[in-house]
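Here's the letter readout for the chains.
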Amino acid sequence: MDHKTYQPAADALKDRIILITGAGDGIGKTVALGCARYGATVVLLGRQQKKLEAVYDEIVAAGGAQPAIVPMNLLTITPDDTVGLANTLLSEFGRLDGLLHNAAVLGERAPIEHYSPNVWLEVMQINVNAAFLLTQSLMPLLKAAYDPSVVFTTSGVGRKGKAFWGAYAVSKFATEGMMQVLADELDESSRIRVNCINPGGTRTKMRAAAFPAEDTTKLKTPQDILPTYLWLLGPDSHAIHGQSVDAQ
Ligand code: NAP
């Protein structure tokens, strides 16, 4: 089966609780809507409540399970915040079946010699440190699930460094590293599966910021790459662990 053309059964994600970061826009929004369409209860985490509410409304209008909204700025979150979130989700749901680390920022396109130190620290905080804090705090909830899947979001520049991609590229190398370390730690000792997904060039505001002159009509849309996300977050990727998967 090619996961790029994966077609889930109508109830593939039924009764799964799936948390998605950056769920208010871009790929995260499309994955949230897609997960809900296949039966999941989604926990929508993002920094703009209005955007999350719009996704919430769309899910409910389409007949999906009532989502949860978590307004949280990953730039400023603390360990207390993520532990608090875990406690709330524990009392609300008792477990977590899927965790998609999708939120990220691009930062600057500049040579390291001239890269803004403040922007560097912000990119690493949002793209790497926040994913660590959330993963660590949510681990007990993931352990309580039957088939838990953690998915980190990588990028081509997280596998091969390229000039002027600065903190973004380094953050994605760190993301691949975090996935590998965690996957090795959990290998055989836990049911939790951990993988990376590389969306590839996709028509979103981040891509437009990185390539302003590009003809966007030639790009895949978030909807086009949705099958690989649904596959990795659902039961049909059961044996997949410790891998970095391309969505296109
Ligand atoms: P996007 O359209 O910019 O969406 C990113 C999402 O992350 C937005 O919902 C954004 O919220 C959220 N976010 C950013 N900073 C945040 C913060 N401090 N706290 C909470 N949420 C925050 O980008 P995208 O293209 O969908 O990217 C999704 C993922 O795919 C990222 O990890 C990106 O690195 C990766 N990726 C994308 C491409 C591509 O071509 N698009 C290629 C390779 C990898 P706001 O709506 O409030 O800004």
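Please refer to the structure higher up on the page.
Residues numbered from 1 in each chain as written. Predicted model: local features only at pLDDT ≥ 70, side-chain atom pairs only at ≥ 80, totals over all residues. Heavy atoms only, no water.

Caption draft 1: Seen up close, the nonpolar core. Grouped together as the largest cluster of nonpolar side chains are 34 residues, with contacts concentrated most on Leu19, Leu45, Leu85, Leu96, Leu138, Phe152 and Val194. Every element with two or more residues in this core is listed here: strand E1 (17-21), strand E2 (41-46), helix H3 (79-92), helix H4 (117-143), strand E5 (149-153), helix H5 (166-186) and strand E6 (193-198). The dominant element in this core, judged by the number of residues it contributes, is H4, at eleven residues. Not counting the four nearest positions on each side in its chain, Leu96 is found in contact with Ile17, Ile18, Leu19, Leu138, Leu141, Leu142, Ala145 and Pro148. Core analysis: the next-biggest nonpolar cluster, separate from the first, contains 32 residues, Ile20, Ile225, Tyr229 and Ala247 among them. (Core = buried A, V, L, I, M, F, W, Y, C linked by side-chain atoms within 4.5 Å. Buried < 20%, exposed > 50% of the residue type's maximum accessible area, 1.4 Å probe, protein only. Helix = DSSP H or I, 4+ residues; strand = E, 2+ residues; numbered from the N terminus. Contact = heavy atoms within 4.5 Å.)

Caption draft 2: Highlighting the layout of surface pockets. Considering only enclosed or pocket space, the largest pocket measures out at about 990 Å³ in volume. Secondary structure elements with two or more residues in the lining of the largest pocket: helix H1 (26-37), E2, helix H2 (49-61), H5 and helix H6 (205-210). Broken down by element, the residue count for the lining of the largest pocket peaks at five residues, all from H6. Among the residues forming the lining of the largest pocket, the class breakdown is 19 nonpolar, 17 polar and seven charged. (1 Å grid on protein atoms, 1.4 Å probe; cavity = no way out; pocket = protein on both sides within 12 Å on 5 of 7 lines; lining within 4 Å. Points joined across faces, edges and corners; volume = space filled by probe spheres on them. Nonpolar A, V, L, I, M, F, W, Y, C, P; charged D, E, K, R; others polar.)

Caption draft 3: Geometry of the pairing of E2. By the criterion of burial, E2 is predominantly enclosed, with six of the six residues buried. Burial along E2 is two-sided: Thr41, Val43 and Leu45 and Val42, Leu44 and Gly46, pointing in opposite directions, are all buried. Relative to E2, E1 runs parallel, the two sharing five bridges. Counterpart to Thr21 in the pairing with E2 is Leu45. On the question of chirality, the crossover connecting E1 to the parallel E2 by way of H1 is right-handed. (Pairing = 2+ DSSP bridges. Right-handed = clockwise from strand over helix to strand, strands pointing away.)

Caption draft 4: Up close: the site of the ligand. Close to the ligand lie 29 residues; Gln48, Lys51, Asn102, Tyr168 and Thr204 are nearest. With respect to the ligand, the side chain of Arg47 contributes an N or O atom lying 2.8 Å from an oxygen atom. Contact distances for the ligand include 2.6 Å between an oxygen atom and a side-chain N or O atom of Tyr168. Summarising the interface, the protein chains cover 96% of the accessible area of the ligand, which totals 890 Å² for the free molecule. When atom positions are compared with the pocket grids, the ligand is found to occupy the largest pocket. Secondary structure elements with two or more residues in the shell around the ligand: H1, H5 and H6. Ranked by residues supplied to the shell around the ligand, first place goes to H6 with three residues. (Near = heavy atom within 4 Å. Polar contact = N/O pair within 3.5 Å; in protein donor to acceptor, adjacent residues only side chain to side chain. Areas by Shrake-Rupley, 256 points an atom, 1.4 Å probe, with all protein chains shown as cover. Sits in = over half its atoms within 2 Å of the grid points.)

Caption draft 5: View of empty space enclosed by the protein. Enumeration over the complete set of coordinates arrives at one cavity of 30 Å³ or more. As a volume, the largest cavity reaches approximately 90 Å³. His101, Ala103, Ile126, Asn127 and Ala131 are the residues nearest the centre of the largest cavity, which is lined by 14 residues in total. At the level of secondary structure, the elements contributing two or more residues to the lining of the largest cavity comprise H4, E5 and H5. Of the residues forming the lining of the largest cavity, the biggest block, five residues, is contributed by H4. Among the residues forming the lining of the largest cavity, the class breakdown is seven nonpolar, six polar and one charged.

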